[in-house]
Amino acid sequence: MYVKLIEDTIKNLIKKHKNFLIGYSGGLDSTVLLYSLNKFKKYINIRAIHINHNIICISKEWEKNCINFCKKNKIQLIKKNIYIKKKSNLENKLRIKRYKIYEKYIKKNEILLTAHHKNDQVETIFLSLKRGCGLKGLIGIKKKKTINKKINIIRPFLNIEKKYIKKYAIKKNIKWIEDISNKNIKYDRNFLRYIILPIIIKRWPYFINSIIRNSYICKKQYELINKLIKKKIKKSIDINKNINLKYILKLNKQEILIILRKFIYINNKNIISYKLIKLLLKNLIKNKKKTYFQIHFKKFIIYKYKNNLFIDKKIKKLDCKKILWKKNKNFIILPNKIGLLYINKNNKKKYINTNKVRIPFNKEKIYIKFKIKDKIEILNSKKKKKIKKIWQMYKILPWKRNFIPIIYYNKKPILCPNIFITKYGNPKKNKTWNIIFKKKN
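Residues numbered from 1 in each chain as written. Predicted model: local features only at pLDDT ≥ 70, side-chain atom pairs only at ≥ 80, totals over all residues. Heavy atoms only, no water.

Novice: Mind showing me how you'd approach helix α11 (residues 253-268) here?
Specialist: Because the α-helix completes a turn every 3.6 residues, residues three or four places apart line up on one side. In a regular helix each residue adds 1.5 Å, so 16 residues correspond to 22 Å; α11 covers 22 Å between its end C-alpha atoms and thus fits that length. Those residues of α11 not exposed but buried are Glu255, Ile256, Leu257, Ile259, Leu260, Arg261, Phe263, Ile264 and Asn268. Backbone nitrogen of glutamine 254 and a side-chain oxygen of the N-cap are separated by 3.1 Å at the start of α11; the cap is asparagine 252. Phi turns positive one or two residues past the end of α11, at lysine 269, with a value near 55°. (Helix = DSSP H or I, 4+ residues; strand = E, 2+ residues; numbered from the N terminus. Expected span 1.5 Å × (residues − 1). Buried < 20%, exposed > 50% of the residue type's maximum accessible area, 1.4 Å probe, protein only. Polar contact = N/O pair within 3.5 Å; in protein donor to acceptor, adjacent residues only side chain to side chain.)

Structure follows, in structure tokens:
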């Protein structure tokens, strides 16, 4: 039964797709997935990718086992390493780094396969319950998903219980690696897997299937709600993923909560608890008359500015207001991961006009300044303006202003890359270069 179940799953998969990149850890699930796909290698193209997390001492042994398995079965293997110093929120950090590697190495026509199974799904739903993630959290892991419009993921084993995968491996005499860190119950997922769920399943053997059925019901309900509220979401959230507060505050409370949750998810890929969404709404109503205020969450900040709602990642406050840019260096990395500035002396290339300025004279030093309070005379303007008025004129949001670099030659403001040039940076009567500001994504 279990052999047919797994082989039929693979047959159904390869009817629709022919090129695969398999996330291969060397553990039971991914080894069975790779083995079962390799049986059909006459009809499909497969590559495996092993990402060594380097979190336990025997991780190099796992890598060797993966190399040997792929060599024996004539499967192309990509080997990559992840190193993380801070161990807090480890699982999430590793996942983010893994997907960055997948994005780099996956081919355009390839499908990424991971070996998540039915038990993984149940654990994920339990963890969502713990976090209070609402209806979307109760859907759990999606069988098919696209990430960053580049990675198409399929999880073919998602409807198969782990016990059948293990029976298949034993039947086919497949060797796999046992991850000793999986036994450590200080991690929430392992605590569920080895302490909580076995007790529940012993009492109610049908429990796993009930959870999966409930997940399917939640998915259908979520799709229906989205369909019913789709027009209101479209009117609420603009093309820049910001919210029109004038519109949403006229809606009923439940509609507002759904739109706020959607707003946070599309901007930050985070599903936050119902409690925090309610707190956000309470703050919005309380500060309804304020033009500008902030609400701080763990990883991001939500800003109300005029009649709109914005979301941004938290950035450390800038300690420095002024940096010297040595003339012998063609680029400079800005603090707080803001990005970098670099000089391009080849004026044949086309750049935004606001980047083209005169070259400094011999005695002029180049400085980068932040948080300035000077009055500035923009090129072709008749008088000096306060920097606050200039930011407003160019519609620069208040919380972004302190992180925008302004180039000075000695004490004279020259350029704000991509935004404005001053009369002192006039490129017309002098030799010029382009100062390019490349923001950190």
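Novice: Is there a simple way to explain the pattern of salt bridges in this structure?
Specialist: Oppositely charged side chains are able to pair whenever their charged atoms sit close together. Per the counting criterion, the structure on display carries 16 salt bridges. Note that lysine 172 and glutamate 7 form a salt bridge whose closest N and O atoms lie 3.8 Å from each other. You can see lysine 172 sitting in the loop between α7 (162-171) and α8 (188-203) and its partner glutamate 7 sitting in helix α1 (residues 2-16), a full 165 residues away along the chain. Among the ionic pairs, glutamate 103 bridges to lysine 150, the shortest N-O distance being 3.4 Å. Within this pair, whereas glutamate 103 is found in helix α4 (residues 90-105), its partner lysine 150 is found in the loop between β5 (144-147) and β6 (151-154), the two being separated by 47 residues in sequence. On the accessibility criterion, glutamate 103 (26% relative accessible area) is partly exposed. Through salt bridges that share partners, Asp120, Glu123, Arg189 and Arg193 make up one connected network. (Salt bridge = Lys/Arg side-chain N within 4 Å of Asp/Glu carboxyl O.)

Novice: What exactly am I supposed to notice about α8 here?
Specialist: Between its first and last C-alpha, α8 extends 21 Å over 16 residues, near the 22 Å set by a 1.5 Å rise per residue. In the structure, α8 departs most strongly from a straight axis at leucine 197, where the bend amounts to approximately 45° and where the proline proline 198 lies between one and four residues downstream. In this fold, the buried residues of α8 make contact with α4, α5 (118-131) and α9 (207-236). (Bend = angle between axes of the 7 residues up to and from the residue. Contact = heavy atoms within 4.5 Å.)

Novice: Explain the pairing of strand β13 (residues 339-344) to me, please; I cannot follow it from the model alone.
Specialist: If a strand is regular, its side chains alternate between the two faces of the sheet. When strand β12 (residues 331-333) meets β13, the two strands line up antiparallel, connected through three bridges. What sits directly across from phenylalanine 331, in β13, is tyrosine 342. (Pairing = 2+ DSSP bridges.)

Novice: Can you help me understand the packing of α11 against helix α12 (residues 274-286) in this one?
Specialist: Running from amino to carboxyl end, α11 crosses α12 at an angle of 110°, the nearest separation of the two axes being 10 Å. Relative to α12, α11 is oriented roughly perpendicular. Residue-level contacts link Lys253, Gln254, Ile256, Leu257, Leu260, Arg261 and Ile264 of α11 to Tyr274, Ile277, Lys278, Leu280, Leu281 and Leu284 of α12. Residues belonging to the contact of α11 with α12 are distributed by class as follows: nine nonpolar, one polar and three charged. (Axes fitted to C-alpha atoms, helices over the stretch in contact; angles between N-to-C directions. Parallel < 35°, antiparallel > 145°, perpendicular 65-115°, else oblique. Nonpolar A, V, L, I, M, F, W, Y, C, P; charged D, E, K, R; others polar.)

Novice: It is not clear to me how the layout of surface pockets should be interpreted in this structure. Could you clarify?
Specialist: Which parts of space are left empty comes out when a probe the size of a water molecule is rolled across the atoms. By volume, the second largest pocket is sized at about 320 Å³. Together, 15 residues line the second largest pocket, and Phe69, Lys72, Asn73, Ile174 and Lys175 are the ones closest to its centre. Elements with a minimum of two residues in the lining of the second largest pocket: α2 (28-38) and α3 (59-72). Of the residues assigned to the lining of the second largest pocket, the class counts are six nonpolar, six polar and three charged. (1 Å grid on protein atoms, 1.4 Å probe; cavity = no way out; pocket = protein on both sides within 12 Å on 5 of 7 lines; lining within 4 Å. Points joined across faces, edges and corners; volume = space filled by probe spheres on them.)

Novice: Help me understand the environment of serine 36 in this model?
Specialist: Mapped onto the secondary structure, serine 36 falls in helix α2. Here the side chain of serine 36 touches leucine 33 through a polar contact of 3.0 Å, landing on its backbone oxygen.

Novice: Can you walk me through the packing of aromatic side chains in this structure?
Specialist: Given two aromatic rings, their pairing is described by the distance between the two centres and the angle made by the two planes. Summed over all chains, the structure comprises 13 aromatic pairs. With 3.9 Å between their ring centres and 5° between their planes, tyrosine 303 and tryptophan 399 make a pair best called stacked. Separated by 96 residues along the polypeptide, tyrosine 303 in strand β9 (residues 300-305) and tryptophan 399 in the loop between α13 (387-393) and β18 (406-409) bring together distant segments of the chain. Looking at tyrosine 303, the relative accessible area reads 6%, which means it is buried. The exposure class of tryptophan 399 is buried, given its relative accessible area of 9%. One cation-aromatic arrangement involves lysine 136 over tyrosine 265; the distance from NZ or CZ to the ring centre is 4.7 Å. Above the plane of the ring of tyrosine 408 lies lysine 369, whose end atom (NZ or CZ) is 4.2 Å from the centre. (Phe/Tyr/Trp six-rings, centres within 6.5 Å; stacked < 30°, edge-to-face > 60°. Lys NZ or Arg CZ within 6 Å of the ring centre and 35° of its normal.)

Novice: I would appreciate a short explanation of the side chain of glutamate 63 in the present structure.
Specialist: Counting through the fold element by element, glutamate 63 comes out in helix α3. Lysine 60 provides the closest opposite charge to the buried, salt-bridge-free glutamate 63, at an N-O distance of 4.1 Å. In contact with glutamate 63, not counting residues within four places along its chain, are His50, Asn52, Lys79 and Asn81. (Lys, Arg positive; Asp, Glu negative; His and termini not counted.)

Novice: Please explain the nonpolar core as it appears in this structure.
Specialist: Note on soluble globular proteins: their nonpolar side chains tend to be buried together. In terms of nonpolar packing, the biggest core is built from 33 residues, with Phe20, Val32, Leu34, Leu37, Leu113 and Phe157 touching the most fellow members. Excluding residues within four positions of it along the chain, leucine 37 makes contact with Ile10, Leu13, Ile14, Phe20, Ile22, Ile44, Ile46 and Leu113. Counting 25 residues, the second largest nonpolar core, distinct from the first, contains Leu251, Leu260, Leu280 and Ile295. (Core = buried A, V, L, I, M, F, W, Y, C linked by side-chain atoms within 4.5 Å.)

Novice: Mind showing me how you'd approach the sheet that holds strand β20 (residues 420-421) here?
Specialist: For sheets, the rule is that strands pair by backbone hydrogen bonds, running either parallel or antiparallel. One open sheet holds the five strands; their spatial order is β11-β15-β18-β19-β20, and the pairing between them is antiparallel. Either end of the sheet is taken by a strand with one partner, and the two such strands are β11 (322-325) and β20. In terms of strand pairing, β18 meets strand β19 (residues 412-416) through three bridges, oriented antiparallel. Within β19, the residue paired with isoleucine 407 across the bridge is leucine 415.

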